[in-house]
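Here is how the chains run, residue by residue.
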Amino acid sequence: MIQIGDIRSKVLDTVMSRRFIYLSTFIVALFGSLLITVIVAKRGPLIGTVLLGGLTGAGFLLVCLFNIRIGMLLIVLQSFSIFTLIRLRPDIPFGAITSITILVTFIGIFLQRKPKTKIIKSPVVIVLVIWLLYQLLQVFNPNSLSIQGWLVGLRGVFTGFLFVLVAIFAFSSRSFVILFTKFWLALAVFTAIYALKQEYFGLFEFEKVWVYSNPKVLGLSTVGGRFRRWSILADVSSFGMFMAFSGLVCFVLAFGPFSVKKKLVLLLSAGIIFFAMVFSFTRTAYAMVPVGLVLFFLMNVNNKKILAVSIVSFIAGVVLIFGPFYSGPLNRIRSTFRPTEDASYAVRENNRSLIQPYILENPIGGGPQSTGFPGERYHPGHTLAGFPPDNFYLRTALEYGWVGLFLFLTLYATIMVLGIRGFYQVRDPTIKILYAAYITCLFSLSIANFAQIAHGQPPLSFIVGSIYALMYRMKEFDYNPDK
């Protein structure tokens, strides 16, 4: 007797088969093309272009549904391109497209395989679930004046959580970990080259329109009478910190068990990225590099080659800071390590001291999106509305209280412990250097959060979410030929 479960399993196997996917894709593309041709002939090219874009997007979503690895790479690619697209067409909600891609790819996990209990019970997922539950409970925060602000904050946390789950399941093989690393580093090099194009060949017209359309953007994008560079990312700070983050990964990986050719490519990539970073004029980015290198050198203090490089790097840094040569970018770098000479430093210190009593009196904070410009938009009249949180930890403490800050720091600590433990436990040199590279850049980012809101802006947010997954999964690939 045929069971309903057997029928359902057979139908699912048929739907998931490669032949069925190819055939259905071909049929959809064929009828879609015919439909667009007819509509263009009757309604004009504009509606046809819109439909073509919709059909293409539907095709990509279909691929994401049946291949979570391609879905993950597509999400990362979207995170790199989203701000350029917004500048070209500010009337289209490109951010929602990325959220939809994440949701569809997440659904694909259940179509392709049954989630393993071991993964679901991992320390990364447990801490993230606690953080998500805390976000949900913020709807009852008596200090919050807006449900809309809560929904906006929850959307970012929820999509980030789903992306981490997608990454955990996507990183099921050593080869994909390496492919993913190459993929986003290639995009980072492209981002750096684009910034150098802006520096030496100027801005495109749509970029000029964007930067001059908002006095605040223009003010943040200039220093000392010259433009800072933002490349294809959201702003100059995001670009600078992402370059420091990416350059560190390239530099550390150059110490891995790779061929001379690959090491030269990695060092060249690091050089291009660090050079482009200089033109962001972002002090936090400049500080991230030595901070990350210090951790990397300490983790490899018994390695003579790395010890020698650390000594040379230290000497080069001293010459750079105290040497008798000057330029605009170099003066900016030097000011990073002399914060007391910066007038804005005193202002920020004063703001922090003034707002500390609020943090102590409100353990669950003022509510999501209650500080800065979002506070003025979603919480008009709130005590925190318009207050400029100059770093990520301060913003977290203000909006989610010291309880929320403790939970987030617990998440960071969990990832760092998993990564450092994995680094010392694994024996495969490739996996070991990957642990070192990702832990180094994540540590530098955690320090950057003391000076900037470094966490949460694409594409860095998605790379960091991937690191959460990698710190848990990579130990499985230590000398495992089946992976």
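The rules behind the values
Residues numbered from 1 in each chain as written. Predicted model: local features only at pLDDT ≥ 70, side-chain atom pairs only at ≥ 80, totals over all residues. Heavy atoms only, no water. Helix = DSSP H or I, 4+ residues; strand = E, 2+ residues; numbered from the N terminus. Buried < 20%, exposed > 50% of the residue type's maximum accessible area, 1.4 Å probe, protein only. Contact = heavy atoms within 4.5 Å. Core = buried A, V, L, I, M, F, W, Y, C linked by side-chain atoms within 4.5 Å. Patch = residues over 30% accessible without salt bridge, like charges linked within 9 Å, V, L, I, M, F, W, Y side chains within 5 Å. Areas by Shrake-Rupley, 256 points an atom, 1.4 Å probe, with all protein chains shown as cover. Salt bridge = Lys/Arg side-chain N within 4 Å of Asp/Glu carboxyl O.

Would you explain the overall build of the chain in this entry?
A count of helices and strands for the chain gives 21 helices and 2 strands. Here the chain holds 483 residues, and 49% of them are scored as buried. Looking at the chain alone, contacts between residues at least 24 apart form 74% of all its contacts between residues at least 6 apart.

Would you mind showing me how to read the nonpolar core here?
Note that soluble globular proteins tend to have their nonpolar side chains buried in a common cluster. Counting 125 residues, the largest nonpolar core has Phe180, Trp184, Phe245 and Met471 as its most contacted members. Counting residues per element, this core draws most heavily on helix 19 (residues 392-425), which supplies 15 residues. Each residue touching methionine 471, except ones within four places of it in the same chain, is listed here: Ile415, Leu418, Gly419, Tyr435, Tyr438 and Ile439. Ranked by size, the runner-up nonpolar core spans 6 residues in total, among them Leu203, Val211, Val217 and Trp230.

Can you help me understand unusual backbone geometry in this one?
One can expect most non-glycine residues to show negative phi and most peptide bonds to be in trans. Residue proline 459 is reached from proline 458 by a cis peptide bond, and omega for that bond is 0 degrees. Secondary-structure assignment places proline 459 in the loop between helix 20 (429-448) and helix 21 (460-473). A positive phi is found at serine 231, a non-glycine position, where the angle reads about 60 degrees.

Is there a simple way to explain a nonpolar patch on the surface in this structure?
A cluster of nonpolar residues, Val301, Leu307, Ile311, Phe314, Ile315, Val318, Val319 and Phe322, forms a patch on the protein surface that exposes about 770 Å² of accessible area. Here phenylalanine 314 shows up in helix 15 (residues 304-322).

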